Amino acid sequence: MITLIGKTLAEEGLKFMHYGASAECEACRFKSTCIDSLEEGRMYVVTEVKDTEHPCPVHDSGKVKVVEVERADIEALVDTKKAFEGSILTFEFPECDKECTMRELCFPEGLYVGDKCKIIKSIGKPANECINGLKLSLVLLK
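The name an unreviewed UniProt entry assigns to the chain is UPF0179 protein O3H35_05620, from the organism Methanobacterium veterum. Per its UniProt entry, the chain bears the Sequence similarities (unreviewed entry) comment "Belongs to the UPF0179 family."

Our next topic: empty space enclosed by the protein. Which parts of space are left empty comes out when a probe the size of a water molecule is rolled across the atoms. Taken as a whole, this structure holds one cavity of 30 Å³ or more when the rule is applied. Taken as a whole, the largest cavity holds about 80 Å³ of empty space. Taken together, Pro94, Cys96, Cys100, Met102, Arg103, Cys106, Phe107, Cys130, Ile131, Asn132, Leu134 and Leu136 make up the lining of the largest cavity. Along the lines of polarity and charge, the residues of the lining of the largest cavity split into ten nonpolar, one polar and one charged.

With that settled, the discussion passes to the packing of aromatic side chains. As enumerated under the stated definition, the model contains three aromatic pairs in all. Between phenylalanine 91 and phenylalanine 93, the aromatic rings sit 5.4 Å apart at their centres with planes inclined by 90°, giving edge-to-face as the arrangement. Grouped by ring-pair contacts, the aromatic residues Phe91, Phe93 and Phe107 constitute a single cluster. When the ring centre of phenylalanine 107 is taken as origin, the NZ or CZ atom of arginine 103, which lies over that ring, is 4.2 Å away.

Tallied over the full model, the rule gives ten salt bridges. With its nearest N and O atoms 2.5 Å apart, the salt bridge here joins arginine 42 to aspartate 115. A residue pair is termed long-range when its members are at least 10 positions apart, and arginine 42 in the loop between helix 1 (31-34) and strand 3 (43-55) and aspartate 115 in the loop between helix 2 (103-106) and strand 7 (116-124) qualify at 73 residues. Look at aspartate 115 and you get buried, because its relative accessible area is 12%.

Time to look at the pairing of strand 1 (residues 2-6). The buried fraction of strand 1 is high, at four of five residues. Sheet topology places strand 1 next to strand 4 (residues 63-71); five bridges connect them, and they run antiparallel. Each residue of the ladder has a partner; that of threonine 3, found in strand 4, is valine 67.

By the element assignment, histidine 59 lies in the loop between strand 3 and strand 4. Histidine 59 sits in the partly exposed class, given a relative accessible area of 26%. Every residue in contact with histidine 59, bar those within four places of it in the chain, is listed here: Ile5, Gly6 and Val64.

Val78, Leu89, Phe91, Leu111, Cys117, Val139 and Leu141 are the most contacted members of the largest nonpolar core, which has 15 residues in total. Elements that contribute at least two residues to this core include exactly strand 3, strand 5 (74-79), strand 7 and strand 8 (136-141). Examining the composition of this core, we find that three residues originate from one element, strand 5, more than from any other. Leaving out residues up to four positions away in the same chain, cysteine 117 has contacts with Ser87, Ile88, Leu89, Phe91, Leu111, Leu141 and Lys142.

Strand order in the open sheet formed by four strands is 1-4-3-2, and the pairing between neighbours is antiparallel. In this open sheet, the two strands that pair with only one neighbour each are strand 1 and strand 2 (15-17). Strand-to-strand twist in this sheet, taken as the mean axis angle between neighbours without regard to direction, amounts to 55°.

Thresholds, definitions, all that
Residues numbered from 1 in each chain as written. Predicted model: local features only at pLDDT ≥ 70, side-chain atom pairs only at ≥ 80, totals over all residues. Heavy atoms only, no water. UniProt positions renumbered as here; feature names shortened; annotations may be inferred. 1 Å grid on protein atoms, 1.4 Å probe; cavity = no way out; pocket = protein on both sides within 12 Å on 5 of 7 lines; lining within 4 Å. Points joined across faces, edges and corners; volume = space filled by probe spheres on them. Nonpolar A, V, L, I, M, F, W, Y, C, P; charged D, E, K, R; others polar. Phe/Tyr/Trp six-rings, centres within 6.5 Å; stacked < 30°, edge-to-face > 60°. Lys NZ or Arg CZ within 6 Å of the ring centre and 35° of its normal. Salt bridge = Lys/Arg side-chain N within 4 Å of Asp/Glu carboxyl O. Helix = DSSP H or I, 4+ residues; strand = E, 2+ residues; numbered from the N terminus. Buried < 20%, exposed > 50% of the residue type's maximum accessible area, 1.4 Å probe, protein only. Pairing = 2+ DSSP bridges. Contact = heavy atoms within 4.5 Å. Core = buried A, V, L, I, M, F, W, Y, C linked by side-chain atoms within 4.5 Å. Axes fitted to C-alpha atoms, helices over the stretch in contact; angles between N-to-C directions.

Pasting the structure below:
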């Protein structure tokens, strides 16, 4: 999909989280291309940078570039019994309120409960064991 991103950020492979529009975006003539094509709370990756630039008061450089993006693949911890490459799962957060070194993999940004995800790669066991005793595997989700 096509969107706009700050000129200084526009490079292939850049991953970014879309947190929504600023108040200044509401009256912008580029809003439908820049903001409306993205879903708030989702992680994206830039796949192609175009030559076209437009003025933008929100970004530091004062300009945005046209880019192609797609939803980024996301690393997450899932139940080992469900961690098979190629399988589709409905993403669920574990029942856990503890802080640990693996929390951001159990509750990854860009995914919501109920998202249908495909396991595109099974990476293996996490660096640490779950403090709740859950059997988890690290996977790459699309």
